[in-house]
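Here is what each chain is made of, one letter per residue.
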Amino acid sequence: MSKTKKILLTLLGVFSIILVGVVILLFSFTQSMKADPDEKKKIRDKAERYLEETFDEGTEIYDILYDNMGNRGYFEYAAKVKHEKYGTHFLVFFNDETGKMEDTFLSDKWQDDAEKEIRPYVEKELGDVLISKEMEDIAESEDWEKIQEEIGDYNQLLLVFDEGIGKELNIDPNKPASYKDYEVSPTIRITLSRKKQDADEDRFTAVINAIKKDRVLKQGNMIVEYISTNGVPLEDDEWHKKF
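On a predicted model such as this, the values are computed, not experimentally measured, just so you know. (Residues numbered from 1 in each chain as written. Predicted model: local features only at pLDDT ≥ 70, side-chain atom pairs only at ≥ 80, totals over all residues. Heavy atoms only, no water.)

Student: How would you sum up the overall build of the chain? Please name residues and give values.
Tutor: Along the backbone of the chain there are seven helices and nine strands. A burial count over the chain gives 35% of its 243 residues as buried. Within the chain, contacts between residues at least 6 apart in sequence are counted, and of these 59% link residues at least 24 apart. Roughly 15200 Å² of accessible area belongs to the chain as shown, and the carbon and sulfur atoms make up 50% of that amount. (Helix = DSSP H or I, 4+ residues; strand = E, 2+ residues; numbered from the N terminus. Buried < 20%, exposed > 50% of the residue type's maximum accessible area, 1.4 Å probe, protein only. Contact = heavy atoms within 4.5 Å. Areas by Shrake-Rupley, 256 points an atom, 1.4 Å probe, with all protein chains shown as cover.)

Student: Outline the sheet that holds strand E5 (residues 129-130), supporting the account with residue identities and numerical values.
Tutor: Spatially, five strands are ordered E5-E6-E7-E8-E9 in an open sheet, and the strand pairing comes out mixed. Every other strand in the sheet has two partners, leaving E5 and strand E9 (239-242) as the edge strands with one partner each. By the bridge criterion, two bridges tie E5 to strand E6 (residues 155-160) in an arrangement that is parallel. Bridge assignment links Val 129 to a residue of E6, and that residue is Asn 155. Running over the sheet, helix H3 (residues 105-126) touches E5, E6 and strand E7 (187-192) and is turned about 145° from E6. (Pairing = 2+ DSSP bridges. Axes fitted to C-alpha atoms, helices over the stretch in contact; angles between N-to-C directions.)

Student: Can you tell me about the nonpolar core, naming the residues and giving the values?
Tutor: In this structure, Ile 118, Leu 157, Ile 188, Ile 190 and Met 222 are the most contacted members of the largest nonpolar core, which totals 30 residues. Counting only elements with at least two residues in this core, the list comes to H3, E6, E7, helix H7 (200-213) and strand E8 (221-226). Among the elements that take part in this core, H3 stands out by supplying seven residues, more than any other. Here Leu 157 is in contact with Glu 115, Ile 118, Arg 119, Val 122, Val 129, Leu 130, Ile 131, Ser 132, Ile 188, Arg 189 and Ile 190, once residues within four sequence places are set aside. Ranked by size, the runner-up nonpolar core spans 15 residues in total, among them Ala 47, Tyr 50, Leu 51 and Val 81. (Core = buried A, V, L, I, M, F, W, Y, C linked by side-chain atoms within 4.5 Å.)

Student: Can you break down the pattern of salt bridges residue by residue, with the values?
Tutor: Counting across every chain of the model gives 12 salt bridges. Taking the shortest distance from any N to any O, the salt bridge between Glu 117 and Lys 180 comes out at 3.0 Å. Linking Glu 117 in helix H3 with Lys 180 in the loop between helix H6 (165-168) and E7, this pair joins segments that are 63 residues apart in sequence. Note that Glu 235 and Lys 195 form a salt bridge whose closest N and O atoms lie 3.7 Å from each other. Separated by 40 residues along the polypeptide, Glu 235 in the loop between E8 and E9 and Lys 195 in the loop between E7 and H7 bring together distant segments of the chain. When salt bridges with common partners are traced through the structure, they connect Arg 189, Glu 225 and Glu 238 into a single cluster. (Salt bridge = Lys/Arg side-chain N within 4 Å of Asp/Glu carboxyl O.)

Student: Talk me through unusual backbone geometry; I want residue IDs and the actual numbers.
Tutor: Here the phi dihedral of Asn 170 falls at roughly 55°; this positive angle occurs in a residue that is not glycine. Within the secondary structure layout, Asn 170 lies in the loop between H6 and E7. We note that Arg 215 has phi near 60°; this positive angle belongs to a residue other than glycine. Inspection of the secondary structure puts Arg 215 in the loop between H7 and E8.

Student: Account for helix H2 (residues 37-54), with residues named and values stated.
Tutor: Over its 18 residues, H2 runs 25 Å from end to end, which matches the ideal 26 Å to within 8%, given 1.5 Å per residue. For H2, the full list of buried residues reads Ile 43, Ala 47, Tyr 50 and Leu 51. Down the axis of H2, the buried set is contained in an arc of 95°. They therefore lie on one face. Turned more than 90 degrees off the buried face of H2, the exposed positions are Pro 37, Asp 38, Lys 41, Glu 52 and Glu 53. Buried-residue contacts for H2 involve strand E1 (59-66), strand E2 (77-83), strand E3 (89-95) and strand E4 (100-103). Where H2 begins, the side chain of Asp 36 points an oxygen toward the backbone nitrogen of Asp 38, at a separation of 2.8 Å. (Expected span 1.5 Å × (residues − 1). Arc of directions from axis to C-beta. Polar contact = N/O pair within 3.5 Å; in protein donor to acceptor, adjacent residues only side chain to side chain.)

Student: Hey, could you go over H3 for me, with residue numbers and the actual values?
Tutor: Between the first and last C-alpha of H3 there are 30 Å, a value that for 22 residues agrees with the 32 Å anticipated at 1.5 Å per step. Within H3, the axis deviates most sharply at Ile 118, by approximately 35°, and proline Pro 120 lies no more than four positions further along. One or two residues past the end of H3 sits Gly 127, with phi positive at roughly 95°. (Bend = angle between axes of the 7 residues up to and from the residue.)

Student: Break down the packing of aromatic side chains for me, citing the residues and quoting the values.
Tutor: Under the criterion given, the structure shown has 12 aromatic pairs. When the centroid spacing of 6.2 Å and the interplanar angle of 45° are considered together, the rings of Tyr 86 and Phe 105 count as tilted. Residue Tyr 86 is found in the loop between E2 and E3, and its partner Phe 105 is found in helix H3; the two are separated by 19 residues along the sequence. Take Phe 105: its relative accessible area is 0%, and that puts it in the buried class. (Phe/Tyr/Trp six-rings, centres within 6.5 Å; stacked < 30°, edge-to-face > 60°.)

And the structure:
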């Protein structure tokens, strides 16, 4: 066999090994991104028992969340639940850090309540906005083009409370007090689907002053970002203010 053929065969062998390795890695990655049916059933069963023990009002598990990217850090699987009385969508999960079943009911309910109250102030200064519940309804569509069309040039408003606020403040989920009764400091995140305008800072400040004056929210943080509907940042920096 000529020297050239030996070199070509060696290179072919090396390439084949690399190709097989890549295929194995891709297969392993794809499998790791898929939810385990046994784990889904396990968290559903645990969540059902937890809901029965914790909530007096009716609740419904409508799906299972698999955090395949590890964004949460303290759970992989969570039951997605709807509270029948309040319509609040929240999560129930086993917290790997505390070793206990927990939920996000109060933080999600407060988020819904606060977004509805703050929305008119934001729309007065910045135009129409979509809130979390509306974004969730749109996101249920499997057609991304339809999602973008429905979102259009709407701005988005998101209120974020600490997920563990109910546990931290020891609030009974069957008697969910108003967020206004506590010294909480949520984050108001506004996404504008346009570039920055000269009058923006005055508009943002006007929103803050109005919600403080009307006692809608005593304190918090406001962050404004400029992002197009296809997710491309339109400005390098966010606007931020603590109040």
